[in-house]
Amino acid sequence: MKRWARGGALLAAASAAVLIAACGSSSSSGGGGTGGLTPPQANTPVPSSIGKTEGKLNLIAWEGYAQPQWVKPFEQATGCQVSAKYAGSSGEMVSLMANGGGGQYDLVSASGDADLRLIYGGDVKPVNINLIPSWKDFHPFLQSPGFNTIGGKHYGVSYEFGPNVLLYSKKTFPTAPTSWSVLYDKKYAGQVTVPNNPIQIADAALYLSKTQPSLGITDPYELTQAQFNATVNLLKQQKPLIKKYWDLASQEISLFQSGTTVVGAAWPYQTNTLQAAGSPVADTIPSQGATGWADTWMLATHAPHPNCAYKWMQWATTPTVQAQQAVYFGETPANKLACPIMDQLQKGACAGYHANAPEAYFQTIKFWKTPLAQCGNGKNDCVPFQQWTNAWTQITG
């Protein structure tokens, strides 16, 4: 399937920033790297059991997240008829979820660059993770990640994920590059491509955290003004090297197939698609590590069909559905038991999407989270997300 860039224009960043600022308090969140903030719905009670289903379920999702092969069996098993509103960007998801889903939407398949905006905007509420049996079979790093779990409270259940890898032409690079530095090397001017997404700033920050330790970057999503300025300067220097900031995975695939680009930031989906078509490419996670995205099914504060929503979270996290979703969309399941089913659906899919990688592999990935002014060290001197979007416009314009 052809995938698009997550994040996109991030339309609701400004309004979300206002909400985040408004919900600050002097107490500590106790987790999630946002000391000094308490989510507005933190004390909302969670159900101890799932009640009678309401017959309907309204989702906000990435296109491809509500396919008939797993939706129709869910409807037959639960009586919950699914309606999906597809969003094209994280910003659109945040906008649609305003006022807790507006009493219309039940769940949203939010990516990490939207989760904290939704949590601190009061648009999603805690869930009882004990009502989702498959949660115990998740990769440990996705059971209670900081981007959806604050102070020990889960604001949804992790779903699918993927690393942002370095994709390269084996003709140009007979040996895999060991550093992200190739994306900033003038030698490859006009042959480089990266995603068109403000969260891409974190990739550059991660690179600088290893190559310029004097900057003191410890978290690529928590940058002081000086660290942010250094990162933006690197990306401005990179711009003349860029052939295209891609919005769609299919765009990057075309660039590599034509030989127009030889190196770029990508997802495993592009690599697998290109290799299946016979293109001489490979991907790697360089020595500096990598960023990554992870999606979460989050429960709207004013969800009109909460019991069907819980049934969906149970269903969507089972090994079979996780495998179906992963193979269809080109991503990695949170549920470790999905791996052999992936291979039944598509030979080599488990290894192709790193679903059977050791935990050490996943520890090299810094997963997306919303940049906030409130740093994990308790200070309020980090650059908030609105400035990231403004800077990205200047970098790419």
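In this text the structure is predicted, and so the values were computed from the model without any measurement.

J.: Teacher, can you tell me more about the layout of surface pockets here?
T.: Empty pockets left among the atoms are what a rolling probe the size of a water molecule brings to light. For the largest pocket, the calculated volume is near 300 Å³. Surrounding the largest pocket, 15 residues form its lining, Gly146, Phe147, Ile365, Lys366 and Phe367 being those nearest its centre. Here the element with the most residues in the lining of the largest pocket is strand β14 (residues 365-367); it accounts for 3 residues. Along the lines of polarity and charge, the residues of the lining of the largest pocket split into 8 nonpolar, 4 polar and 3 charged.

J.: It is not clear to me how the sheet that holds strand β7 (residues 165-169) should be interpreted in this structure. Could you clarify?
T.: Adjacent strands of a sheet pair through backbone hydrogen bonds, lying either parallel or antiparallel. Pairing is mixed in the open sheet, where 5 strands are placed in the order β9-β8-β10-β7-β11. The strands lining the two open edges of the sheet, one partner per strand, are β9 (242-246) and β11 (281-284). Between one strand axis and the next, the sheet turns by 25° as a mean value, whatever way the strands run. Note that strand β8 (residues 192-195) and strand β10 (residues 263-266) share 2 bridges and pair parallel. Opposite Thr193, over in β10, you have Gly264 as the bridge partner. Against the sheet, helix α7 (residues 249-257) engages β7, β8, β9, β10 and β11, with an angle of about 155° to β9.

J.: Honestly, empty space enclosed by the protein in this entry has me stumped. Any pointers?
T.: Enumeration over the complete set of coordinates arrives at 3 cavities of 30 Å³ or more. A volume near 60 Å³ is recorded for the second largest cavity. Among the secondary structure elements, those contributing two or more residues to the lining of the second largest cavity are α5 (201-211), α6 (225-238) and β12 (290-299). The residue inventory of the lining of the second largest cavity, partitioned by class, reads 7 nonpolar, 3 polar and 1 charged.

Rules used in this analysis
Residues numbered from 1 in each chain as written. Predicted model: local features only at pLDDT ≥ 70, side-chain atom pairs only at ≥ 80, totals over all residues. Heavy atoms only, no water. 1 Å grid on protein atoms, 1.4 Å probe; cavity = no way out; pocket = protein on both sides within 12 Å on 5 of 7 lines; lining within 4 Å. Points joined across faces, edges and corners; volume = space filled by probe spheres on them. Helix = DSSP H or I, 4+ residues; strand = E, 2+ residues; numbered from the N terminus. Nonpolar A, V, L, I, M, F, W, Y, C, P; charged D, E, K, R; others polar. Pairing = 2+ DSSP bridges. Axes fitted to C-alpha atoms, helices over the stretch in contact; angles between N-to-C directions. Contact = heavy atoms within 4.5 Å.

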